[in-house]
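Spelled out from the first residue to the last, the chains are:
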Amino acid sequence: MTAVPQVDDPGVTAEAPRSLWRDRRALGWAFATGVSSVGDEIWFVALAFTAAQLGNAGLAGLVLACATIPRALLTILGGALTDRFDARRMMIGADIARIVVLAGALTMLAASGVSAGLLMVVGLLFGVADAFYGPASGAFPRQLVRRTELVRLSALRQLLDRLAGVLGAPLGGLVLVAWGLGGAMLLDLISFAVVLVVLIAVRPRWPLARSTGGTVRADIRDGLNYLRLTPKVRDLVITLSGLNVFVSPVVAVGLALHAVGRGWGGVGLGWLTAAMGGGAAIGTLIALKWRPERPLRAAVLLLFGQAASLGLVGNAGYAATLAGMTVVGIVAGLASPMLSGAFQATVDEEYIGRVGSVLTLTDDALTPLTMVGFGLLAQVLGLGTAAALFAGGFAALLLYAISRPHVRDLRIPDERNS
């Protein structure tokens with residue numbers, strides 16, 4: 001397959017400020033996605049609460065799972081189409097689809113009231129839209145900012161997402177009490193409309209090389225072969241996948257078990273979770289300023305501190321666990337933008353969508369399995385042993401990553417197309 005750069009938009013220009021803070025296009029897009037994240041949080045809280053009121057826990061779980069199933073099934077297709085067509089136009093199309101879905105849901109809600117079927121249909125259609133929006137959103141920064149600004153843009157987007165989580169969840173509860181499910185739908189619709197307006201106004205600065213396979217199936221196969229045969233990309237994907245595989249079960253399941261076992265209660269667990277969230281915000285703020293020459297090496301070395309902190313779960317008292325969760329958060333806030341920015345700068349242009357979709361699919365598929373596996377290990381071997389094993393597995397993965405020269409020594413070039 002031969003990839004050739006194609007200018008898909010007559011508005012493409014090749015000028016970009018050296019600093020992200022002077023880049024109105026990038027800042028506008030980042031803040032618009034932050035607004036959308038607030039809307040998503042409001043909708044998720046309203047959806048979860050409404051689903052729980054409709055029936056038993058199984059029904060609530062089914063409603064919430066409806067959004068993940070089509071995303072898992074279609075995300076590879078979304079990645080292939082992103083590499084074949086224009087990322088910005090795909091985001092615009094997916095955004096319009098979500099607005100139409102919510103407008104239709106509001107009409108049905110007014111006519112027939114709340115039902116499990118309505119919530120499941122909305123969830124399924126949202127999952128389809130996410131499968132196409134996600135890969136396109138991951139590829140778009142490469143067309144918008146210089147490579148040296150990718151880490152900083154990633155840090156800004158993650159900071160805004162964290163703030164959206166802090167603000168959106170309680171706001172969702174207030175909206176649900178004041179205006180019900182319809183109010184949450186309307187606010188989410190407005191947030192998508194904000195993103196749509198910004199996407200129409202924000203034009204990419206550079207074209208991306210496009211896949212030129214004969215069929216979409218051939219593009220998918222070519223993308224998988226590229227991932228398999230490109231060591232620097234393969235090892236980077238393995239490292240990124242390990243973050244959720246080893247970290248998420250310990251902090252999501254293990255921390256709750258630790259709080260219950262030690263009698264710390266919901267308040268104690270809340271402070272542990274808050275320590276991670278606050279630490280992540282601090283780390284992300286630092287990442288907005290700190291620009292290491294070798295971002296992957298810096299990120300991997302920092303993550304060793306996170307691995308050590310995970311081993312405290314089930315094995316330490318409250319003060320030590322609180323300190324460890326603060327470290328987990330700070331390191332996550334620092335390392336995640338470096339890894340994400342390096343990923344966007346390293347993957348060849350014509351493969352960004354497909355490789356990004358593989359990473360998303362890996363997270364969606366492996367994280368639930370490791371959650372279950374961690375719970376079983378904790379039941380059989382004890383929580384402390386299970387956490388230590390996961391921390392050790394994470395450290396082993398990091399040792400592998402730091403031993404790879406193309407991970408350890410990677411630098412992000414200053415030139416746009418170097």
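Each chain has its residues counted from 1, following the order in which its sequence is written. The model is predicted, so local features are restricted to residues of pLDDT at least 70 and side-chain atom pairs to those at 80 or more, both for listing and for counting; the totals for chains, interfaces and linings are taken over all residues. Only hydrogens and water are set aside when side-chain values are computed; all heavy atoms of the structure are taken into account.

For the protein chain, the helix and strand inventory stands at 15 helices and two strands. Against the compact-globule benchmark of 22 Å for 418 residues, the protein chain has a radius of gyration of 21 Å, which places it among compact chains. Dimensions of the protein chain, computed from C-alpha atoms along their principal axes, come out at roughly 60 × 60 × 40 Å. Relative accessibility under 20% of the residue-type maximum defines a buried residue, over 50% an exposed one, and the middle range a partly exposed one, all with a 1.4 Å probe and only protein chains included. A burial count over the protein chain gives 51% of its 418 residues as buried. If you average the places of the 33 positive and of the 25 negative side-chain charges in the protein chain, the two averages end up 4 Å apart. The way it works is that DSSP assigns letters per residue, a run of H or I at least four long becomes a helix, a run of E at least two long becomes a strand, and they are numbered from the N terminus. Radius of gyration: over C-alpha atoms. The globule rule applied is 2.2 Å multiplied by the number of residues raised to the 0.38 power. Only four residue types enter the tally: Lys and Arg on the positive side, Asp and Glu on the negative side; His and the chain ends are excluded. In plain terms, the charge of a residue is placed at NZ if it is Lys, CZ if Arg, CG if Asp and CD if Glu.

With that out of the way, let us pick up the environment of Ala26. You can see Ala26 is positioned in helix H1 (residues 24–54). Apart from residues lying up to four places away in sequence, Ala26 is in contact with Leu20, Leu144, Val145 and Leu153. Only heavy atoms matter for contacts: two residues are in contact if any of them lie within 4.5 Å across the pair.

This next bit is on the packing of aromatic side chains. Two rings belonging to Phe, Tyr or Trp (six-membered ring only in the last case) form a pair when the distance between their centres is within 6.5 Å. Interplanar angles under 30 degrees mark stacking, angles over 60 mark edge-to-face geometry, and anything in between is tilted. Tallying each qualifying case throughout the model produces eight aromatic pairs. Judged by centre distance (5.1 Å) and plane angle (85 degrees), the ring pair of Phe374 and Phe390 falls under edge-to-face. With Phe374 in helix H13 (residues 352–381) and Phe390 in helix H14 (residues 383–403), the pair connects residues that are 16 residues apart, well separated along the chain. Accessibility expressed as a relative area gives 0% for Phe374, which makes it buried. Given a relative accessible area of 10%, Phe390 falls into the buried group. Linked through ring pairs, Phe246, Phe374, Phe390 and Phe394 together constitute an aromatic cluster. Criterion for a charge above a ring: Arg CZ or Lys NZ at most 6 Å from the ring centre, at most 35 degrees from the ring normal. Between Arg98 and the ring centre of Tyr133, over which it is positioned, the NZ or CZ distance is 4.4 Å.

Below, the discussion takes up the nonpolar core. Among buried residues, the Ala, Val, Leu, Ile, Met, Phe, Trp, Tyr and Cys ones that are joined through side-chain atoms within 4.5 Å form a nonpolar core. Judged by nonpolar contacts, the single largest core of 113 residues is most densely connected at Trp43, Leu303, Leu310, Met325, Val347, Val355 and Phe394. The greatest single-element share of this core, amounting to 18 residues, is contributed by helix H7 (residues 150–201).

On to the packing of helix H8 (residues 216–229) against helix H9 (residues 231–262). Here an axis means a line fitted to C-alpha atoms, over the contact stretch when the element is a helix, while the angle between two N-to-C directions is reported on a 0 to 180 degree scale. Packing of H8 against H9 leaves a shortest axis separation of 5 Å and a crossing angle of 90 degrees. By the angle between their axes, H8 is roughly perpendicular relative to H9. Two secondary-structure elements touch here, H8 through Tyr226, Leu227, Arg228 and Leu229 and H9 through Pro231, Val233, Arg234 and Val237. Residue classes follow a fixed rule: Ala, Val, Leu, Ile, Met, Phe, Trp, Tyr, Cys and Pro count as nonpolar, while Asp, Glu, Lys and Arg count as charged, and any other residue, Gly among them, counts as polar. For the contact of H8 with H9, the per-class residue count stands at six nonpolar, no polar and two charged. Angular relationships are summarised with four words: roughly parallel below 35 degrees, roughly antiparallel beyond 145, roughly perpendicular across 65 to 115, and oblique for the angles in between.

A side-chain nitrogen of Lys or Arg and a carboxyl oxygen of Asp or Glu constitute a salt bridge if their distance falls within 4 Å. In total, this model carries eleven salt bridges according to the counting rule given. Measuring nitrogen to oxygen at the nearest pair gives 3.3 Å for the salt bridge that ties Arg98 to Asp95. Residue Arg98 and its partner Asp95 are located together in helix H4 (residues 87–112), separated by three residues, close to a single helical turn. For the pair Arg98 and Asp95, one class covers both residues: buried. Across the pair Glu149 and Arg152 runs a salt bridge, and its minimum N-O distance is 3.8 Å. Of the two residues examined, Glu149 and Arg152, each falls in the buried class. Through salt bridges that share partners, Asp83, Asp222 and Arg354 make up one connected network.

With that settled, the discussion passes to the confidence of the model for the protein chain. Across the protein chain, the average pLDDT comes to 85, with 92% of residues at or above 70. Here strand S1 (residues 4–5) stands out as the element of the protein chain with the lowest mean pLDDT, 42, in contrast to H4, whose mean of 94 is the highest. What pLDDT reports is the predictor's confidence in each residue, on a scale of 0 through 100. Low pLDDT, under 50, characterises residues 1–11; the predicted model gives this stretch 34 contacts beyond four residues in sequence or across chains.

As a further point, take a nonpolar patch on the surface. Patch criteria: residues need more than 30% relative accessible area and no salt bridge. Like-charged residues are merged within 9 Å; nonpolar side chains of Val, Leu, Ile, Met, Phe, Trp and Tyr are merged within 5 Å. Method for areas: the Shrake-Rupley scheme with a 1.4 Å probe, in which residue coverage is limited to the protein chains shown. Taken together, Val35, Trp179, Leu186, Leu187, Ile190 and Val194 make up a surface patch of nonpolar side chains, about 540 Å² in accessible area. At five residues, H7 tops the list of elements feeding residues into the nonpolar patch. Along the polypeptide, Val35 turns up in helix H1. You can call Val35 partly exposed: its relative accessible area is 37%.

Further remarks concern the packing of H9 against helix H11 (residues 295–310). Contact geometry of H9 with H11 gives a least axis separation of 12 Å together with a crossing angle of 20 degrees. Between H9 and H11, the angle is such that the two are roughly parallel. Viewed along their axes, H9 and H11 form a crossing whose handedness is left-handed. Across the interface between the two elements, Leu236, Leu243, Phe246, Val247, Val250 and Val251 from H9 touch Leu296, Leu303, Gln306 and Leu310 from H11. When its residues are assigned to classes, the contact of H9 with H11 shows nine nonpolar, one polar and no charged. For any pair of crossing helices, the crossing counts as left-handed if the nearer helix is rotated counterclockwise from the farther one by less than a right angle, and right-handed if it is rotated clockwise.

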